[in-house]
Amino acid sequence: MTALIVILIIIAAVAVLLFIPLNLYISYSESKTLVWLRYLFIKYKLYPEKQKKKKKEKKEPAAKRAESEKKPKESFFKKLVKAQGVKGLISILKEALSILKQFLEDFTKHILVRRLTINVVTGGEDAAASAMNFGYVCDAVYPAIGALSGLVTLCRVPEVEVKPDFYSKSSRTTLYAHIAVRPAFVIAAVVTKGIKALKLYMRVTASVDNNNANANTNTNTNKQPAK
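One numbering rule holds for all chains: residues counted from 1, following each sequence as written. Since the coordinates come from a predicted model, pLDDT governs what is reported: local features require at least 70, and pairs of side-chain atoms require 80 or more to be given and counted, while whole-chain, interface and lining totals use all residues. For side-chain calculations, the full set of non-hydrogen atoms in the structure is used, while hydrogens and water are omitted.

S.K.: I keep staring at the packing of aromatic side chains and nothing clicks. Help me out?
M.R.: Where two aromatic rings form a pair, the distance of their centres and the angle of their planes describe that pair. Each pair of aromatic rings taken from Phe, Tyr and Trp, with Trp reduced to its six-membered ring, is defined by centres within 6.5 Å and is described as stacked if the planes are under 30 degrees apart, edge-to-face if over 60, and tilted in the remaining cases. Applying the stated criterion across every chain, the model contains 3 aromatic pairs. With a centroid separation of 5.8 Å and an interplanar angle of 85°, the aromatic rings of Phe 19 and Phe 185 are classed as edge-to-face. You can see Phe 19 sitting in the loop between α1 (2–18) and β1 (22–28) and its partner Phe 185 sitting in helix α5 (residues 183–223), a full 166 residues away along the chain. Each residue is placed in one exposure class: buried if its accessible area under a 1.4 Å probe, protein chains only, is under 20% of its type's maximum, exposed if it is over 50%, and partly exposed if it falls in between. What makes Phe 185 partly exposed here is its relative accessible area of 29%. For the pair Phe 103 and Phe 107, a centre-to-centre distance of 5.9 Å together with 5° between the ring planes defines the contact as stacked. Of the two residues, Phe 103 and Phe 107 are both situated in helix α3 (residues 76–108); the distance of 4 residues between them amounts to about one turn of the helix. Each helix is a run of H or I in the DSSP string that is no shorter than four residues. Each strand is a run of E no shorter than two, and both are numbered from the N terminus.

Following this line, the structure appears as structure tokens:
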């Protein structure tokens, strides 16, 4: 009975942790860009990355390298075309894109944009160029914000400011974003759509293997000497 209680407590604790949001922060300016993750009290910097020491590449033996160059392996894509044909390949691509679309829909609808701040100052060679750049930026930024609102959940109205600077020859941009998502929804989307993707992959590889096996059988049959 005690073991059951402990197991239930662990399951409840894991469930609670999965519903605690994972936070992504993006801070961009002309001089510095920072991207970091935060989960509870744990903070992990994604960009800029720490420089890693380069590992020495192991040299492949000359004989083995020459043998691999003489016998180029046929790509999986070519094998797939032989096994399925163009029509079958198009059908597989459509199914794969459908799975990807379903995953993105399931994933993006649980993304919470807690804060989004964009400041753009447009410059140009002269006043006319600054005004034209201002129009281009407005045509790009505001429709993009509208499209974003249809994909994710905006917790507050984005703070977007675009203005021209008729005395500057260069443009300046600053951006700050705070995005959150609950791991439970990400895991659910990955598992459900991952199973579909795995089934598709297994079906495709099975068809390629069967085609190769049939090709090898036909080759061996043709090589047999006539009695």
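S.K.: How do you make sense of the pairing of β1 when you look at a structure like this?
M.R.: As a general feature of sheets, a regular strand has side chains that alternate between the two faces. Here a strand pair is declared whenever DSSP counts at least two bridges between the two strands. Strand direction decides the pairing type here: β1 and strand β7 (residues 172–181), joined by 7 bridges, are antiparallel. Its bridge partner lying in β7, Tyr 25 is registered against His 178. Where β1 and strand β2 (residues 33–39) come together, 6 bridges link them in antiparallel fashion. Bridging from a neighbouring strand, Asn 23 pairs with Arg 38 of β2. Taken together, β1 and the strand that follows it, β2, pair antiparallel across an intervening segment of 4 residues.

S.K.: Would you mind going over the side chain of His 178 with me for this structure?
M.R.: By the element assignment, His 178 lies in strand β7. Not counting the four nearest positions on each side in its chain, His 178 is found in contact with Asn 23, Leu 24, Tyr 25, Leu 112, Val 113, Arg 114 and Arg 115. Two residues form a contact once any of their heavy atoms are found within 4.5 Å.

Fair warning: the whole summary comes from geometry, so function is off the table for now.
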